[in-house]
Structures are given as C-alpha cells and as structure tokens.
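# Chain and residue survey
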Amino acid sequence: AAGVIQSPRHLIKEKRETATLKCYPIPRHDTVYWYQQGPGQDPQFLISFYEKMQSDKGSIPDRFSAQQFSDYHSELNMSSLELGDSALYFCASSSTGGIYNEQFFGPGTRLTVL
Amino acid sequence: AQSVTQPDIHITVSEGASLELRCNYSYGATPYLFWYVQSPGQGLQLLLKYFSGDTLVQGIKGFEAEFKRSQSSFNLRKPSVHWSDAAEYFCAVEDYGQNFVFGPGTRLSVLP
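Residues numbered from 1 in each chain as written. Chains lettered and ligands numbered in written order. Predicted model: local features only at pLDDT ≥ 70, side-chain atom pairs only at ≥ 80, totals over all residues. Heavy atoms only, no water.

### Considering the interface of chain B and chain A
The partner chain A presents 19 residues to the 21 residues of chain B that form the contact. The tally of links between chain B and chain A comes to 0 salt bridges. At the surface where chain B touches chain A, the tally comes to 2 residue pairs in polar contact (both at pLDDT 80 or more). Counting only elements with at least two residues in the side of chain B that touches chain A, the list comes to strand S5 (32-38), strand S6 (45-50), strand S10 (87-94) and strand S11 (100-102) of chain B. The element contributing the most residues to the side of chain B that touches chain A is S5 of chain B, with 4 residues. (Contact = heavy atoms within 4.5 Å. Salt bridge = Lys/Arg side-chain N within 4 Å of Asp/Glu carboxyl O. Polar contact = N/O pair within 3.5 Å; in protein donor to acceptor, adjacent residues only side chain to side chain. Helix = DSSP H or I, 4+ residues; strand = E, 2+ residues; numbered from the N terminus.)

### Observations regarding the sheet that holds strand S8 (residues 74-78) of chain A
All names here are of chain A. Spatially, S1-S3-S8-S7 is the arrangement adopted by the 4 strands of the open sheet, whose pairing is antiparallel. A single partner strand is all that each edge strand has here, and the edge strands are strand S1 (5-7) and strand S7 (64-68). Direction aside, the axes of adjacent strands within the sheet are offset by 15 degrees on average. The pairing of S7 with S8 spans 5 bridges and is classified as antiparallel. Each bridged residue has a counterpart across the sheet, and for Ser 65 the counterpart in S8 is Asn 77. (Pairing = 2+ DSSP bridges. Axes fitted to C-alpha atoms, helices over the stretch in contact; angles between N-to-C directions.)

### Overview of the packing of aromatic side chains
Tallied over the full model, the rule gives 20 aromatic pairs over all chains. For the ring pair Tyr 35 of chain A and Phe 45 of chain A, a centre distance of 5.8 Å and an interplane angle of 65 degrees mean the geometry is edge-to-face. With Tyr 35 of chain A in strand S4 (residues 31-37) and Phe 45 of chain A in strand S5 (residues 44-50), this residue pair connects regions lying 10 residues apart in the sequence. The pair formed by Tyr 35 of chain A and Phe 45 of chain A is uniform in burial state, with each residue classed as buried. Ring plane angle 45 degrees and centroid distance 5.6 Å describe the contact between Phe 63 of chain B and Tyr 89 of chain B, whose orientation is recorded as tilted. Taken together, the residues Phe 63 of chain B in the loop between strand S7 (56-58) and strand S8 (64-68) and Tyr 89 of chain B in strand S10 connect sequence positions 26 residues apart. The exposure classification of Phe 63 of chain B matches that of Tyr 89 of chain B, with both residues buried. (Phe/Tyr/Trp six-rings, centres within 6.5 Å; stacked < 30°, edge-to-face > 60°. Buried < 20%, exposed > 50% of the residue type's maximum accessible area, 1.4 Å probe, protein only.)

### A short note on the confidence of the model for chain A
Chain-level statistics for chain A give a pLDDT mean of 91 and a share of 95% at 70 or above. Mean pLDDT per element in chain A: strand S10 (residues 104-105) of chain A is the minimum at 88, and strand S3 (residues 19-24) of chain A is the maximum at 98. (pLDDT = per-residue confidence, 0-100.)

### Let's talk about the nonpolar core
Judged by nonpolar contacts, the single largest core of 27 residues is most densely connected at Trp 35, Leu 48, Leu 76 and Tyr 89 of chain B. Going through the elements one at a time, strand S2 (10-14), strand S3 (19-21), S5, S6, S8, strand S9 (73-78), S10 and strand S12 (106-111) of chain B are the ones with two or more residues in this core. Here the element with the most residues in this core is S10 of chain B; it accounts for 4 residues. Those residues within four positions of Leu 48 of chain B in sequence are excluded, and the remaining contacts are Leu 33, Phe 34, Trp 35, Val 57, Gln 58, Gly 59, Phe 63, Glu 64, Ala 65, Phe 74 and Leu 76 of chain B. Core analysis: the next-biggest nonpolar cluster, separate from the first, contains 22 residues, Ala 19, Ile 60, Met 78 and Leu 81 of chain A among them. (Core = buried A, V, L, I, M, F, W, Y, C linked by side-chain atoms within 4.5 Å.)

Take a look at the structure:
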C-alpha cells in the first residue's frame, strides 16, 4: 500500500540558509500535518492543512512557512536556519472521510544545520 | 490543553522478561490513543491504537495495551521482550484539533 513520502530524506544546510521539505500524502488523503522532533525529544506539532487551507498551527517559528498544493502535497519552507532547527521533520496525512482521523506518518526528513 | 505523560524515561529489562510501559493523559473526553515505536534514527511505527470498544487492544510485534478510563491510562505491555524491541516508545493522544500530542517517550533497553 502507498505510504506518505517525504523528500529529501536527509538535508544538510548551513546557518542562515533556507530549506524546503516536501511531503506527499497517501492518495485521497486531504489533510497533512508537520511535526518536528529534536534530538532526544518527542515530536512536536508544527502546522496542519486541510483541503489546501491551514487548519491548525502549533509551535511553528515565524521563520517557517508551509502550504498545501492542489495535488495535496505540502512543502515546509524554512528560512534563516539556526543550529537549533536541526531535527527530524515528520509529515503525516489523514483522510477526513474516514470514521477516525488516523494519521499516517512518513519516514521523516533529517535536517542538519551546520 | 491535552498532555501526555510517560513517567519512565528509561527502562531496562532482560530478554524474555515481561514489559509494561506507562502512559497517562489529561483529556476531557475519551481520546484516541496510540503507541508508536521509534528505532534510532528511524521514523515512527504504529504499534496499536484505541478508538473505542474493547479496552484491551492488540497490536503488532506481540504488543498489547489496555485503556483504563478511571485511571486515564493506556499502558503498553508485552509478555516476553525480544532484543529487537530495544527502541524509544511514544504514547500519543489525538487532541481536539486532531493533531497528535506525544508523550516524552520511554527508552527501552534489553539485556541479553
């Protein structure tokens, strides 16, 4: 079965650079979520989109922005990168058409900021 | 706000021994509850979930969890631990916004 795809899987950037992470949800899933997991930390919710509109916002820094496109894929844009942005970034998708809003997680993108 | 606590930061058990990982949540209604496992440097793998119905839930890899409303708990159990079970385990609650709130995680070490 198709799963959530994230690209790239690994990304190395330097301070003050920008990064773009991509997430391709499971087909027919209409909602995308982004989570950030710092080293040794639990995943923290950043932001979510439903039908291309932002549906909820968590602890996402102002330097970050995200959007969901017409094909339901989502991109997380990160600017002025800081060392503390080094983390594993997960994307999850779900379908509101189901009875339960179960989220399916992608493998994550590991971002390293040098 | 919803919160999830996992009182044990690190647990060490011998291979073949039984295991119980604790999870407590703070939530106004009966939430949707999940347990995920994460191997070092890897993504999150769903072990099991509880939405409603039978409070004892069976998952993959021989894990089970029991939802106890009176204790606001959703503890994960396994009767006999294997060395490959060594990993980080996260309990999660789906909150009102349908986003996940994760617990801090419990790191499981398995002794041969």
